[in-house]
Amino acid sequence: MARESGMKIGIQAVRIALPGFIVPYMAVYDPALMLQPVPGLEVAGYWLAVAYIASKTMLAPLLWGAAAAGYFRGPLVWWERLLATGAAALLVLALPITDELGFALAAVVGGLHLWRVKARSAAA
């Protein structure tokens with residue numbers, strides 16, 4: 001049907017599905033993602049922790065998927081793919097400093113990419 005080898009299709013399928021494989025690891029690192037009680041957190045703090053880990057869990061696969069596919073709002077250049085992969089990897093780790101670096105790197109990658117795509121479309 002696809003007129004391609006099974007190996008080529010399988011490799012592409014793994015590249016597309018790869019971001020989904022990191023979510024279980026994030027759930028192991030932080031029980032708030034599974035809505036399990038976290039000792040020492042009150043109600044408001046608990047729901048803030050849930051919102052924080054949920055936003056982190058949505059952003060990391062988005063970055064990883066964009067890097068794997070090579071496309072976000074437009075084609076990604078090699079350094080954007082590299083930075084997006086690094087930002088996703090930092091967000092997966094469960095240390096506060098890596099979260100801060102991951103969010104900052106994600107903002108830099110997203111901002112530069114959107115600026116580059118917008119400048120390219122304005123020039124065309």
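As a starting point, this report considers the structure included with it. By convention here, each chain's residues receive numbers from 1 onward along its written sequence. Local features are withheld for residues below a pLDDT of 70 in this predicted model, meaning they are given only at 70 or higher, and side-chain atom pairs are given and counted only at 80 or more; totals for whole chains, interfaces and linings count all residues. Side-chain metrics in this entry use all non-hydrogen atoms of the structure; hydrogen atoms and water are not considered.

**What about the packing of aromatic side chains?**
Inference 1: We call Phe, Tyr and Trp rings a pair once their centres come within 6.5 Å, taking the six-membered ring for Trp, and we label the pair stacked below 30 degrees between planes, edge-to-face above 60, and tilted otherwise. As enumerated under the stated definition, the model contains two aromatic pairs in all.
Inference 2: Note on Y46 and W47: the rings are 5.1 Å apart at their centroids and 75 degrees apart in plane angle, and the pair reads as edge-to-face.
Inference 3: On the basis of relative accessibility, which here comes to 12%, the residue Y46 falls in the buried class.
Inference 4: Here W47 falls in the partly exposed class, since its relative accessible area comes to 49%. A 1.4 Å probe rolled over the protein chains alone gives each residue an accessible area, and that area as a share of the maximum for its type sets the label: buried under 20%, exposed over 50%, partly exposed in between.

**With respect to the environment of S5**
Inference 1: Relative to the assigned elements, S5 resides in the segment before α1 (6-17).
Inference 2: Here S5 falls in the partly exposed class, since its relative accessible area comes to 41%.
Inference 3: Each C-alpha atom of the pair S5 and A69 lies 19 Å from the other, and the pair is 64 residues apart in sequence.
Inference 4: A polar side-chain atom of S5 sits 3.2 Å from the main-chain amide nitrogen of K8. Secondary structure is summarised from DSSP: a helix means a run of H or I of at least four residues, a strand means a run of E of at least two, and numbering begins at the N terminus for each. As used in this structure description, the phrase polar contact means that two N or O atoms lie within 3.5 Å; if the pair is within protein, one of them must be able to donate a hydrogen and the other to accept it, and residues adjacent in sequence are counted only when both atoms belong to side chains.

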